[in-house]
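Here is how the chains run, residue by residue.
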Amino acid sequence: MTETTRPLLDVQDLTVAYGTLTAVRGVSLYVQPGEIVAVVGPNGAGKTTTLSAVAGLLRPRGGTIAFHGRSIDGEKPEDVVRRGIALVREGRHILTSLTVEENLLLGATCRPDREQVRRSLDEQFSRFPILAERRSQHAGYLSGGEQQQLAIARALMSSPQLLLLDEPSLGLAPRIVDGVFETIVALREDGLSILLVEQNATRAVEMSDRAYVMGTGRVTRSGTPEALGEGGGMAAEYLGLEPEVTP
Amino acid sequence: MTALIQAALDAVYLGSLFALYALGVAMIFGIMRLINFAHASLITVGAYAMAVTANLPLVLRILVTVAVCVLLALLLEFVAFRGLRGADPATLLVTSFAVSVLLTALCEATFGSLPKASPLDDWFQLSWVFGSVYVPTLNGVTIIVTALLLIGLSLFLAKTRWGTHMRAAAEDFTTARMLGVRANRVIMLAFAISGVLAAVAAILLVGTTGTVTPIFGLAPVLYGLIAAVVGGLSSLRGAVLGGFALGITSQLLQSFLPGDLRPFRDAFLFAAVFLLLVVRPQGLISPKQGERI
Ligand SMILES: Nc1ncnc2c1ncn2[C@@H]1O[C@H](COP(=O)(O)OP(=O)(O)OP(=O)(O)O)[C@@H](O)[C@H]1O
Ligand SMILES: [Mg+2]
């Protein structure tokens, strides 16, 4: 792979631990501007841990995280979002006591210009019409699919350059899942770079420019979807049916 | 009829005070999961501020007291609690005990353990007369001031940007931070508000006692804590409700218990609290059913 541009996100040798349990050991990955990069792997592989460290929720024990070539490791989550990285966490984490609109506006906390924020809000409402319909309802009353749309829209309100998505399709009906994946593709077409963590491995890898396969805290393989092998081969790899290969 | 109105007004007065105490405790708990026992010290120090400034005009005394309580609250946050963010609740509770004991000792060293006069203006000792109902001025002022504070605080939380940040942080601190809400700022804001609540409680309370001792704030915070637990500790609405429930029940017991049982009023009161918590351990308002604030 030829690297003509400097990566937007560059994670090198990342190690993250919970107390004595090292959940991520020496993970390196990068995202180029405009790419969709998928990270797949079985339960407990360390995907969420990796994203959490990038977003500043966990302090890395080792390694570096650079965004636009600047080190961001150890920064607080409220500062990371100001740099242009937004994370949609696993489980959506909608603020149920706030209205849909309050949730969205909260996503724009880091932006000072109210006029631009208004415009972003209108963009989200036209991208996700259901949110416009429900703007003044408490977000707790939304269905799972609607909450996922709200979580993505809320992250977009910070006007990020890099969107981190952690299992956006989890627990949603198939028709709704289609919608979520369409949204992701549309966002990339608008110029957003995306790091996508998915259990739905085949599908995530197919839509990505490059993918990483993780197992027990390490990257076991990486490359373009073609290089990783289509469909069945991919699934076998991700289920751990083949011996691990170092990248 | 008159007796009933009189009892009701007295009950609302006590309820207002308890709601103020409970709100000060719940404000910090909602954001930080810290049961801030040092709130007692804030009230005590506020009452000493009233004593030290006794010769100044009332408006000035109030301003000084509010300023002192807010600054002390911010200082405690910075010195004692900032390093403990995310620590387990037991550690936080013990720290707040330690802070409270330390400040009590400091007050004692500075002002002695004897009661120090901290009088309010004579005007407060008069009564408002409506027909045959007498309302001591202080009680009336307490009810009105509490009502205005509650309205002001709900408007602040509901309508302003910072209010939304506080509600978000109270529901899910991590998510709020990820969306850009600055942790230090909301926590400092919560402490500052608790400082204002402590100052107001101190001012109203010295109106009845006229004096202050180093343990002045202890009983109010105990009642406040119980009221907040009764209402549902992590909801501000619950804290206010619990404050009124406790105050009103207490006053009704005082008014209507037979004379020979009256000395045991608090025993009856806390038996009722105990029963309530057996039936509804989560308090009157539980966050799972409704909103946290
Ligand atoms: N808060 C935590 N405390 C302790 N251990 C944790 C914590 N969160 C995750 N772990 C452990 O870290 C390892 C990696 O977990 P992580 O959540 O990153 O995996 P994942 O790849 O996101 O899995 P899933 O597909 O189930 O979401 C697992 O062994 C998990 O048990
Ligand atoms: Mg995960």
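Residues numbered from 1 in each chain as written. Chains lettered and ligands numbered in written order. Predicted model: local features only at pLDDT ≥ 70, side-chain atom pairs only at ≥ 80, totals over all residues. Heavy atoms only, no water.

Draft legend 1. Region of interest: the site of ligand 1. All names here are of chain A. In the neighbourhood of ligand 1, 14 residues make up the surrounding shell, with Gly44, Lys47, Thr48, Thr49 and Gln199 lying closest. Between Gly46 and ligand 1, the recorded distance is 2.9 Å, taken from a backbone N or O atom to an oxygen atom. A distance of 3.3 Å separates an oxygen atom of ligand 1 from a polar atom in the side chain of Glu167. Against a free-state accessible area of 630 Å², the protein chains account for coverage of 62% of ligand 1. At the level of elements, strand S2 (21-31) and helix H1 (47-54) are the ones that each hand at least two residues to the shell around ligand 1. (Near = heavy atom within 4 Å. Polar contact = N/O pair within 3.5 Å; in protein donor to acceptor, adjacent residues only side chain to side chain. Areas by Shrake-Rupley, 256 points an atom, 1.4 Å probe, with all protein chains shown as cover. Helix = DSSP H or I, 4+ residues; strand = E, 2+ residues; numbered from the N terminus.)

Draft legend 2. Focus on unusual backbone geometry. All names here are of chain A. Phi angles above zero are rare outside glycine, and Arg92 is one such case at about 75°. With respect to the secondary-structure elements, Arg92 resides in the loop between strand S6 (85-88) and helix H3 (100-107). Here Ser159, not a glycine, exhibits a phi torsion of approximately 55°, which is positive. Mapped onto the fold, Ser159 is located in the loop between helix H6 (144-156) and strand S7 (162-166).

Draft legend 3. Broad picture of the confidence of the model for chain B. All names here are of chain B. On average, residues of chain B score 90 in pLDDT, and 97% of them reach the 70 mark or higher. Across residues 288-293, where pLDDT falls below 50, the model places 19 contacts with residues more than four positions away in sequence or in other chains. ipTM for the predicted complex: 0.88, alongside a pTM of 0.89. (pLDDT = per-residue confidence, 0-100. Contact = heavy atoms within 4.5 Å.)

Draft legend 4. Structural detail: the UniProt feature "transmembrane region" (unreviewed entry) in chain B. Annotation from UniProt places "transmembrane region" (unreviewed entry) at residues 12-30, 62-80, 92-114, 134-158, 186-206, 212-231, 238-257 and 263-279 of chain B. Here residues 134-158 of chain B runs as 88% helix and 12% strand, with 36 Å between its end C-alpha atoms. (UniProt positions renumbered as here; feature names shortened; annotations may be inferred.)

Draft legend 5. Local environment of the environment of Ile203 of chain B. One can find Ile203 of chain B in helix H8 (residues 183-209). Here the alpha-carbon distance between Ile203 of chain B and Leu4 of chain B, two residues 199 residues apart in the chain, equals 28 Å.

Draft legend 6. Fine view of the packing of aromatic side chains. Residue and element names in this part refer to chain B. Inspection of the entire model under this criterion finds seven aromatic pairs over all chains. Ring plane angle 25° and centroid distance 5.9 Å describe the contact between Phe81 and Phe191, whose orientation is recorded as stacked. Note that Phe81 is positioned in helix H3 (residues 58-81) and Phe191 in helix H8, a separation of 110 residues in sequence. Across this residue pair, the class does not change: Phe81 and Phe191 are buried. Between the aromatic rings of Tyr223 and Phe270, the centroid separation amounts to 5.9 Å while the plane-to-plane angle is 35°, which identifies the pairing as tilted. Of this pair, Tyr223 sits in helix H9 (residues 218-231) while Phe270 sits in helix H11 (residues 265-279), placing them 47 residues apart in sequence. (Phe/Tyr/Trp six-rings, centres within 6.5 Å; stacked < 30°, edge-to-face > 60°. Buried < 20%, exposed > 50% of the residue type's maximum accessible area, 1.4 Å probe, protein only.)

Draft legend 7. The arrangement of helix H4 (residues 114-127) of chain A in detail. Residues and elements named next belong to chain A. Here H4 spans 20 Å end to end across 14 residues, near enough to the 20 Å set by a 1.5 Å rise per residue. Within H4, burial applies to Val117, Ser120, Leu121, Gln124 and Phe125. Considered in projection along H4, the buried side chains sweep an arc of 140° and stay on one side of the axis. The backbone nitrogen of Glu115 lies 2.9 Å from a side-chain oxygen of the residue at the head of H4, namely Asp113. (Expected span 1.5 Å × (residues − 1). Arc of directions from axis to C-beta.)

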